[in-house]
Amino acid sequence: MIAHEKLSMAQALNRALRDAMSADPSVVVFGEDVGPLGGVFRITDGLTAEFGEDRCFDTPLAESGIVGVAVGMAMNGMRPVVEMQFDAFAYPAFEQIVSHVAKMRNRTRGKVSLPMVIRVPYAGGIGGVEHHCDSSEAYYAHTPGLHVVAPATPSDAYTLLREAIASPDPVIFLEPKKLYWSKEEVELSAHAPAAGIGRAVVRREGSDATLIAYGPSVPIALEAAEVADREGRSLQVVDLRSIVPFDDETVCAAVRSTGRAVVVAEASGFASVSSEIVARVTERCFHSLAAPIRRVTGYDIPYPPPKLEHVQLPSVDRVLEAVDDLQWELS
Amino acid sequence: MTGDAHHLLPSAEPVTLIGVDGAALHETLPDDAALLRALQGLVTARRLNEQAYALVRQGRLAVYPSSHGQEACQVAAAQVLADGDWLFPTYRDTAAIVERGVDPVEALTLLKGDWHCGYDPYEHRVAPHTTPLATQLPHAVGVAHAARLKGEPTVVMALCGDGGTSEGDFHEALNFAAVLKAPVVFLVQNNEYAISVPLARQTAAPSLAHKGIGYGVKGERVDGNDVAALLAVLTDAVQRARSGAGPQLVEAHTYRMQAHTNADDATRYRKDDEVAAWVERDPIVRLEKHLRDRGLLTDDVLARMTEAAEKTAAHTRDGINRDVEPDPAELFAYVYAKPTPQLIEQGAQA
Ligand SMILES: Cc1ncc(C[n+]2csc(CCOP(=O)(O)OP(=O)(O)O)c2C)c(N)n1
Ligand SMILES: [Mg+2]
């Protein structure tokens, strides 16, 4: 049964949780304020009322405990979906994530799998004060054993979360906060759809250069492509959706088709997902490249206070400047 | 909330049922069969500790954190559990893992270095040895909570050391367990040291069992070298947890007779006479004396127990001495349920 509704990303995530909980009684949701309040971003709104306190409950304020308890519940037949209240407040859980969530399957030669999802409202662009705007994807992406995904649209938010919950492996689910209120028509499904994790998607066709983005940076890339189009340059936009597994095939095919690329990401650039993308695309597509791949990323500074965050965030102007730099005079 | 914490307090002194001289200090002890079963467990556990230590010296095991001196805790922790229960051990608890039924060769795989965990945790409901201190405790709570949601009567025995009680996860696990009323028995083996650091540098609490009060968890202290007392206290704790009374905290006072691991030099931080004082409190000598005094143990029976322990040691030796060529392809096989394209590529190169 498939239905369509116009939903914001926040509503799409909420629907994904509801539909997953309806479809599978082993799905449980817990974290800080996720019960009657519905989470500080209301992603879990109504779940306790609909499914009862055993299925969606508030926990003590302790992120390591939340993730550690989820590990145990996953070991014992449940599919926990836990919420970290904000990106920077997931750090207390880091030891559990790196030492256990990521390693349990490998440690036990596949005997113990941990089907669990750690939802992280993440990244900036919302005028948040310190500790509310971190782009923490590189920490997770660097850790073998985790899947790391970041939707950029309400439809992907729905599909990827359904898929993450159904996955036998742990998924770090990064929700770009600033896109929570963006809306679109979403296809809802009774069953967990299988499409997104591990697959990038070409969001916009273009022939002159490829913009590679994920999560909160996808709308910036699309906007830049729109402006460039008016200025006579055709930019293709690839939305990774899934950082781990990484879709080399789609990304490389896209870059080969244009011969030029710019990676757009909000996180600081040093030792980041964006540097990994440049490295792997260069290794694979060197002979198709007409120019070095450029990056537009956050600077290597702690996330700025709200009045200065515009300095840190990739902007349409910065993206277009990087595109201008792709050695067009040589072609 | 009620302000009354009295019922959560541990007894003033650790519960002891059999004294150092083997005499019963209480009229009710675990029954004869339970004590004989415990003695068999102790004899086997001691032999396993000795065997593993020898295997380290022979270069067959990379390292071995021995529970020599702590065997009563190891044996009781496993013996009080029902089949459907779970055990969450630390790196020092190989003897408890084996007492629970795991093949010692599989239990020692981690320390042999063939793989991180050599047994199927679901087979005997034993989690993998956990090395990052106290991190297994929230897992224990999760397993227990899931069981409760499923309506299963499972109790989880979660082990940790005195040093581990200083970790944040110890606190988080006790707090979660208490709030969720999760059926977990936390057994702290207080062996006086965390590697070189003595208990006085670990805590200013009156006892580790007192830590339960802050969470609303009942604490109890027990002589960790008296297996009879351990069986009684832990059976009680398991029963309370199973009947819905929530988590229980038990501190067992014991002593690590050997260095932290074979790689450690204990003479740098503790005196020989301190160690010597614990020799007379040996858990095996004590129970043996008690059972002999009551006419329950003959040389014959003990010989049979020793023989069974020898068999376990021989099996362990043979298994550990057998070289299995670890397969590098396995390194890529279990990272994800379905290997990523990148891992398939890397696995082909490795
Ligand atoms: C998080 C963490 N920090 C440090 C260590 C290194 N380490 C291993 S065992 C140990 C001492 C632990 O003492 P205790 O909890 O009393 O257990 P015991 O070894 O005495 O059984 C330390 C510091 C570790 N394994 N994990
Ligand atoms: Mg210790």
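Residues numbered from 1 in each chain as written. Chains lettered and ligands numbered in written order. Predicted model: local features only at pLDDT ≥ 70, side-chain atom pairs only at ≥ 80, totals over all residues. Heavy atoms only, no water.

To continue, consider the overall build of chain A. When its secondary structure is counted, chain A shows 12 helices and 14 strands. For chain A, whose C-alpha radius of gyration is 20 Å, the value lies close to the compact-globule estimate of 20 Å for 331 residues. Overall, chain A is about 65 × 45 × 40 Å in size when its C-alpha atoms are taken along their principal axes. Per-residue burial over chain A gives 63% buried out of 331 residues. Sequence-distant contacts in chain A: of pairs separated by 6 or more residues, those separated by 24 or more amount to 82%. For chain A, the exposed area adds up to about 12,200 Å²; of that, 53% sits on carbon and sulfur atoms. Taking the average place of the 30 positive charges on the side chains of chain A and the average place of its 44 negative ones, the gap between the two points comes to 4 Å. (Helix = DSSP H or I, 4+ residues; strand = E, 2+ residues; numbered from the N terminus. Rg over C-alpha atoms; globule rule 2.2 N^0.38 Å. Buried < 20%, exposed > 50% of the residue type's maximum accessible area, 1.4 Å probe, protein only. Contact = heavy atoms within 4.5 Å. Areas by Shrake-Rupley, 256 points an atom, 1.4 Å probe, with all protein chains shown as cover. Lys, Arg positive; Asp, Glu negative; His and termini not counted. Charge placed at Lys NZ, Arg CZ, Asp CG, Glu CD.)

Enumeration according to the criterion identifies 15 aromatic pairs over all chains in this entry. Seen from their ring centres, B:Tyr255 and B:Trp278 are 5.0 Å apart, and the 10° between their planes marks the pair as stacked. Highlighted residues: B:Tyr255 in the loop between β7 (248–253) and α10 (272–279) and B:Trp278 in helix α10, separated in sequence by 23 residues. Accessibility assignment for this pair places B:Tyr255 and B:Trp278 in one class, buried. The ring centre of A:Trp328 lies 4.1 Å from the NZ or CZ of A:Arg233, which sits over that ring. Lying across the ring of B:Trp278, B:Arg281 places its NZ or CZ 4.1 Å from the centre. (Phe/Tyr/Trp six-rings, centres within 6.5 Å; stacked < 30°, edge-to-face > 60°. Lys NZ or Arg CZ within 6 Å of the ring centre and 35° of its normal.)

Residue and element names in this part refer to chain B. Near ligand 1 lie 16 residues; those nearest to it are Tyr91, Arg92, Asp162, Gly163 and Gly164. Here an oxygen atom of ligand 1 and a backbone polar atom of glycine 164 are 2.8 Å apart. The class makeup of the residues in the shell around ligand 1 is 6 nonpolar, 6 polar and 4 charged. (Near = heavy atom within 4 Å. Polar contact = N/O pair within 3.5 Å; in protein donor to acceptor, adjacent residues only side chain to side chain. Nonpolar A, V, L, I, M, F, W, Y, C, P; charged D, E, K, R; others polar.)

What follows is about the coordination of the magnesium ion (ligand 2). Residue and element names in this part refer to chain B. Coordination sphere of the magnesium ion (ligand 2), protein contribution only: Asp162 (OD), Asn191 (OD1) and Tyr193 (O), at 2.0 to 2.1 Å. Along the chain, the residues that donate to the magnesium ion (ligand 2) are spaced as D-x28-N-x1-Y. Note that aspartate 162 is positioned in the loop between β2 (156–161) and α8 (168–180) and asparagine 191 in the loop between β3 (184–190) and β4 (193–194), a separation of 29 residues in sequence. Residue aspartate 162 is classed as buried on the basis of its relative accessible area, which comes to 1%. (Donors = N, O, S within 2.8 Å, 3.2 Å for Na, K, Ca; no water.)

Contact residues are listed per partner, giving 44 residues for chain A and 41 residues for chain B. Summed over both partners, the interface of chain A with chain B comes to about 3,500 Å²; 63% of that surface belongs to carbon and sulfur atoms. When the buried surface of chain A facing chain B is broken down by residue, A:Met75, A:Asn76 and A:Arg109 rank first, second and third, together holding 21% of it. Counting across the chain A and chain B interface gives 2 salt bridges. (Buried area = accessible area lost by both parts, 1.4 Å probe. Salt bridge = Lys/Arg side-chain N within 4 Å of Asp/Glu carboxyl O.)

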